[in-house]
Amino acid sequence: MQYNKINNLLGWLCLLIAFATYVLTLEPSVSFWDCGEFISCAYRLQVSHQPGYPMFAMLGKVFSLLSLGNNTKVPYYTNLGSALASGATVMFLFWTITALAKKLLIKNGEAVTQSQLIAIMGAGLVGALAFAYTDTFWFSAVETIVFALASLCMAIVFWAILKWDAHANEPGADKWIVLIAYIMGLSIGIHLLNLLSIPAVTMVYYLRRYKNPTVKSGIVAFIISIVILGLVQYGIREYTIKGAAWFDLFFVNSLGFGFGSGAIFFFLLIVSAIVGGIIYSIRHKKRALNLALVCLAFIYFGYGSFAYIPIRATANTNLNNSHPDNAFTLNGYLNRIQYGDTPLLYGPYFDAKVIDQSEGSALYRKGRNRYEVAGKRPNYVFDHNTLIPRMHSTEGDADYAQNVQFYKQWLQLADGQKPTFIDNMRWMLSWQMGQMYLRYFLWNFVGRYNDVDGQTSTVSIDGNWTSGLFDGGRHLPKSVTGSNTYTPLYALPLIIGLLGMVFHFRHKKNDATVIALLWFFTGLAIVLYVNQTNLQPRERDYSYVGSFYAFAIWIGLGVLAINDLVRRKINARGAALASVVVCLLVAPVLLARQEWGNHDRSSKTTAHDMAYNFLISCPKDAILFTYGDNDTYSLWYDQEVEGVRPDVRIVCNSLLGMDWYIRQMGRPMNQSAPLPITMPFDKYKQGVRDVIAYSDAKIPGHVDVKEVFDFITSDDSRTKVQYQSGETMNYLPTKNFKLAVDPQQLVKNGVVTPRQKDQLTSNMEWTYNTNYMFKDNLAIMDVLAHNNWKRPICFSIGFGQDNMGGLQPYMYKEGFVYHLIPFKADTSIQNQLGKVNSLVMYNNVMNKFKYGNFKHARYLDEVSKSEFYPFMETTFHDLAQGLIKEGRNDLALNALHKFDQEMPDINPNIDSAHRKLQLAQVAYKLNDKELANRYVKGIGNYLTDQLAYNYSLLQNKPEALDVNQVQFQLYVLNGLVDTTKNYQETALHNQFQAQLDDYGNKFAVLQSRQ
């Protein structure tokens, strides 16, 4: 009883310590990446991106209610939900470690001695709290993301199987198995991570039920565990919906019933079969069958949360990704078909060419009264295939060229050199397993240099791991060692974990094997299954948090390993205390001390304010085209939850290529009217006008965009061309477009002021900049052709130039957006996207912008430094330059002082330093030498720090030297020399000239190599 009480109390203590930590470091508002979408979908019960997270959304809704109507507090409380879930994960990890430690030290029936109690509880504290402070887990614990709750599900499942193990011979013990099944079902609605614990759970069951396990029976049990995993992952999660889809197809198309009738019948069949099977098992006393069917029923109970998806999709929520309101769309939604297929066991190399093609299975879409065939899934035959394809990317992939280039660069393949199976395995081991898993593992238990993305290089310090033990002689730059993202752990948590692993295998091989399986399936098995092509939009360490959890168990058991060594020298109680204290200091205490500064987000609001600035930069009733995740998700949050600028229609260009999204844009949303999209659904639905190729019809001059649009959306055979396959398709006859402009109408609609009327052109003319028009381009053309200048059209400053369709000559900055204004084009301007509508922009930036507490935040994440800060630098520079051009030097100086007031003088990278130099040059031009000198001194310190480090690399580790980076640094340093000379800052000029001469000589060898 004493043992249980202490065990329970210390478990709750772990929860309180972890939860308090996360509350103190909690992000007070929305975070970057998926968090904005998740909060929006939770708050208004909407449909997020594939494969859907319905249970997560519903639980998030519960926490959002704690805001008590204060919508600005919604993200704080949904973030708090992650903090609580993460704290509970730490608690269950403690109980898991103590259960395993007790099995190591105590035989059945023996009493627990005081020294054993100290060692067991100490092991739990060390392992659980060490995990609480690991980099990856802590990151997810303080924001609204699925991995906090997913980790909790996994922790509960593994704790529950150990509870079953401890009571397996008692009546009713199988209730723990049923609980596990239910948590498994629920977790599918959060994230699939928990399913990967099935092999470990199955092996615990096997080892407990079979008194004399053998290698042969163990292999059979392992195979059975994989089969169970496959049955849950595919049989239940995937084929349940797929079966419902095919039943629905038969009922709707063959029997004439309404949509959903076949799916309902199919679900009733499943329920009837399970209920009938359970009744049969009870009557015939089939215990194993009964347990299996009851578990199946409870998995389905949990999985039932996915009923949320079609229910809310049918409600036509604002955010309604894929609009999965029927079984076929839901099946595609759950299986993420829009992201394409990934070959696993056999497939093409990246240089493979298609040599044959055939039609595969039909693709169905929901029509008016029946399902329609949207096309056939193509089956390709390639000329260069391999087993276990890792380097896979075909010419149809959006990132094909980038992928091929990176494969060649990474493996040092010459142009024209064909990849081999050895290259394939080298890629898997070095990049997929090494760079994209082992590096993350070492971040958490050895240490890391910084939080810059480091996917592209094993030798660069950016994003790499370090123990810190040998950094003293490496001449690391101050930008690394002086940052709170430099977190060396001296490899101490890793060493303790390895000691615990060895100790575990020596004394309890079966239990250690189970932990090893958990580590493998939540780590390297994910690497093998996901089979990432190459560069990801962000670091993916969060995907492997389950394997870090498993290793934390061994960190806890490391206490027992050290205790076993120490007790040979001193008494048992002293050895237990010493081992616990030492391990607490070198694992959780060290981790907390080193990682705190890298995770204290309590004082920043950059994601919220960046999104706010996008929206507030828009004129009234604007249409705002955005692009990537960080361009869009935070905007969704600001608008959907806080109601910021509900008149602005946010259009995510990444989704605009989907028929369901174009259709949604044709509906009202919040306080914004529908987009002026005139195409009926039949003209752009799936399989229709997916791509329109350019074929020059030799049309002279520029053609009205409405005429071009009517031509490419016409069903008249005369507007189509026939291809060799026999298929006829629309084509783009010209790339030279024009749009008539009525200056009076633009003034009336408030697009420009009456004073700007004379600057307008009578015809806006531009040249489309690619040879293909996809659905997103088609939808934008529809908007341009039929908006009639009634609503302002804006593009976020993160929007790619290649996607602007050649409209750059008419883009004018008004803050964080480009506003499409038909001023007379000036093609002499080199930087077309640097033009500003100065007074409008000045008012937005000076009086409306928010700055995310950037200057005073204790921690700034990499996105804040690499996206938000550059946006600010370019925004203020372009504004000041535009004002100077108009003779408004006083306003330009005000703008510079506003930047200096709100933003810190930092140089996150060389690109930022270059932009800062441009700001300094503007300050010199405006005679604010104090500000300009301060900026150039900061830039100079940054450059000499970086160049000194790069020179040490040139001498000691030339393979790690980025020559292009060095040349750019010297270029910026030369810019400092010229700038200070031009503005007669003699002392600074002489200083920078001496530095340029010094480093120019030191790096002269680089010139000779070129």
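For the structure, see preceding data.
The notes below deal with the structure included here. The shown structure was predicted, so the numbers you read here are calculated from the model rather than taken from an experiment.

1. Looking at the overall build of the chain
- Each helix and strand counted, the chain has 37 helices and 18 strands in total.
- Its C-alpha radius of gyration of 31 Å places the chain within 12% of the 30 Å reference for a compact globule of 1010 residues.
- Seen along its three principal axes, the alpha-carbon backbone of the chain occupies a region of about 95 × 85 × 65 Å.
- Contacts spanning at least 24 positions in sequence make up 74% of the contacts within the chain whose residues lie at least 6 apart.

2. As for the pattern of salt bridges
- Per the stated rule, a full pass over the model turns up 42 salt bridges.
- Close ionic contact of D564 with R568 constitutes a salt bridge, the shortest N to O distance being 3.3 Å.
- In this structure, E902 and K898 form a salt bridge, with 3.4 Å as the shortest nitrogen-oxygen distance. Of this pair, E902 and K898 both sit in helix α32 (residues 889-902), four residues apart, roughly one helical turn.
- In this structure E902 comes out as partly exposed when scored by relative accessible area, which is 21%.
- Residue classification places K898 among the buried positions, given a relative accessible area of 15%.

3. Notes on the sheet that holds strand β10 (residues 703-704)
- Ordered by their spatial adjacency, three strands build an open sheet running β10-β13-β14, and the pairing between neighbours is mixed. The two strands at the open ends of the sheet, each matched to only one other strand, are β10 and β14 (763-767).
- In terms of strand pairing, β10 meets strand β13 (residues 736-740) through two bridges, oriented parallel. From the neighbouring strand, V703 faces β13, where its bridge partner is F737.

4. Quick look at helix α22 (residues 545-566)
- With 22 residues, α22 ought to run about 32 Å at 1.5 Å a step, and its terminal C-alpha atoms sit 32 Å apart, in line with that.
- Of all bends in α22, the biggest is about 30°, found at L557.
- Across the 22 residues of α22, 20 count as buried, placing the element largely inside the fold.

5. As for unusual backbone geometry
- In this structure, P51 follows Q50 across a cis peptide bond, with omega equal to 5°.
- Tracing the backbone shows P51 in the loop between α2 (35-43) and α3 (54-64).
- The backbone phi angle of Y490 is positive, close to 60°, even though this residue is not glycine.
- You can see Y490 is positioned in the loop between β6 (487-488) and α19 (492-507).
- On the accessibility criterion, Y490 (32% relative accessible area) is partly exposed.
- Of note in the backbone geometry, N531 takes a positive phi value of approximately 55° without being a glycine.
- With respect to the secondary-structure elements, N531 resides in the loop between α21 (524-530) and α22.

6. Section: the environment of A401
- Secondary-structure assignment places A401 in helix α16 (residues 400-411).
- Through-space distance from the C-alpha of A401 to that of F350 is 9.9 Å; in sequence the pair is 51 residues apart.

7. Thoughts on the pairing of strand β9 (residues 691-694)
- Relative to strand β15 (residues 772-774), β9 runs antiparallel, the two being bridged by three bridges. Residue pairing for β15: A693 is matched across the bridge by Y772.

8. Digging into the packing of aromatic side chains
- Scanning the entire structure with this criterion turns up 81 aromatic pairs.
- Between F406 and W410, the ring centres sit 5.7 Å apart and the planes meet at 45°, which makes this aromatic pair tilted. Placement of both F406 and W410 in helix α16 is noted, with a separation of four residues, approximately one turn of the helix.
- Among the residues examined, F406 registers a relative accessible area of 4% and is labelled buried.
- The buried category is assigned to W410, whose relative accessible area is 16%.

9. Digging into the pairing of β13
- On β13, burial follows the alternation: F737 and L739 on one face are buried, whereas N736, K738 and A740 on the facing-out side are not.
- Two strands pair when backbone bridges link them, and β13 and β14 are joined in this way by five bridges, in the antiparallel orientation. Opposite L739, over in β14, you have M764 as the bridge partner.

10. A word on the nonpolar core
- One finds Y22, V90, F158, I161 and I553 to be the most contacted residues of the largest nonpolar core, which totals 171 residues.
- If you tally residues by element for this core, the top one is helix α7 (residues 146-166), at 17 residues.
- Once you skip the residues sitting within four places of it in the chain, V90 turns out to touch C14, A18, Y22, A128, L129, A132 and F137.
- Grouped together as the second largest cluster of nonpolar side chains are 149 residues, A622, V817, L917 and V966 included.

11. Let's talk about the sheet that holds strand β7 (residues 623-626)
- Spatial ordering of the open sheet is given by β8-β7-β16-β18-β17, a layout of five strands whose pairing is mixed. Every other strand in the sheet has two partners, leaving β8 (649-652) and β17 (811-813) as the edge strands with one partner each. The mean inter-strand angle of the sheet, taken between neighbouring strand axes irrespective of direction, is 30°.
- In the sheet, β7 pairs with β8 via four bridges, with the strands oriented parallel. Within β8, the position partnered with I623 by the bridge is R649.

12. Remarks on the state of the cysteines
- In total, this model carries zero disulfides according to the counting rule given.
- Cysteine C35 remains unbridged, with the sulfur of C41 as its closest cysteine sulfur at 12 Å.
- Using a relative accessible area of 1% as the deciding quantity, one classes C35 as buried.
- With no disulfide partner, C618 has as its closest neighbouring cysteine sulfur the one in C794, 4.5 Å distant.
- Judged by relative accessible area, which is 4%, C618 ranks as buried.

13. Looking at the side chain of N630
- Within the secondary structure layout, N630 lies in helix α25 (residues 629-640).
- Within polar-contact distance, the side chain of N630 engages the backbone nitrogen of W33 at 2.7 Å.
- Setting aside chain neighbours within four positions, we find N630 in contact with F32, W33, M610, V863 and E867.

14. Some words on the environment of S86
- By secondary structure assignment, the location of S86 is in helix α4 (residues 74-105).
- Counting along the chain gives 71 residues from S86 to L15, while the straight-line C-alpha distance between them is 8.3 Å.

Cut-offs applied
- Residues numbered from 1 in each chain as written.
- Predicted model: local features only at pLDDT ≥ 70, side-chain atom pairs only at ≥ 80, totals over all residues.
- Heavy atoms only, no water.
- Helix = DSSP H or I, 4+ residues; strand = E, 2+ residues; numbered from the N terminus.
- Rg over C-alpha atoms; globule rule 2.2 N^0.38 Å.
- Contact = heavy atoms within 4.5 Å.
- Salt bridge = Lys/Arg side-chain N within 4 Å of Asp/Glu carboxyl O.
- Buried < 20%, exposed > 50% of the residue type's maximum accessible area, 1.4 Å probe, protein only.
- Pairing = 2+ DSSP bridges.
- Expected span 1.5 Å × (residues − 1).
- Bend = angle between axes of the 7 residues up to and from the residue.
- Phe/Tyr/Trp six-rings, centres within 6.5 Å; stacked < 30°, edge-to-face > 60°.
- Core = buried A, V, L, I, M, F, W, Y, C linked by side-chain atoms within 4.5 Å.
- Axes fitted to C-alpha atoms, helices over the stretch in contact; angles between N-to-C directions.
- Disulfide = S-S within 2.5 Å.
- Polar contact = N/O pair within 3.5 Å; in protein donor to acceptor, adjacent residues only side chain to side chain.

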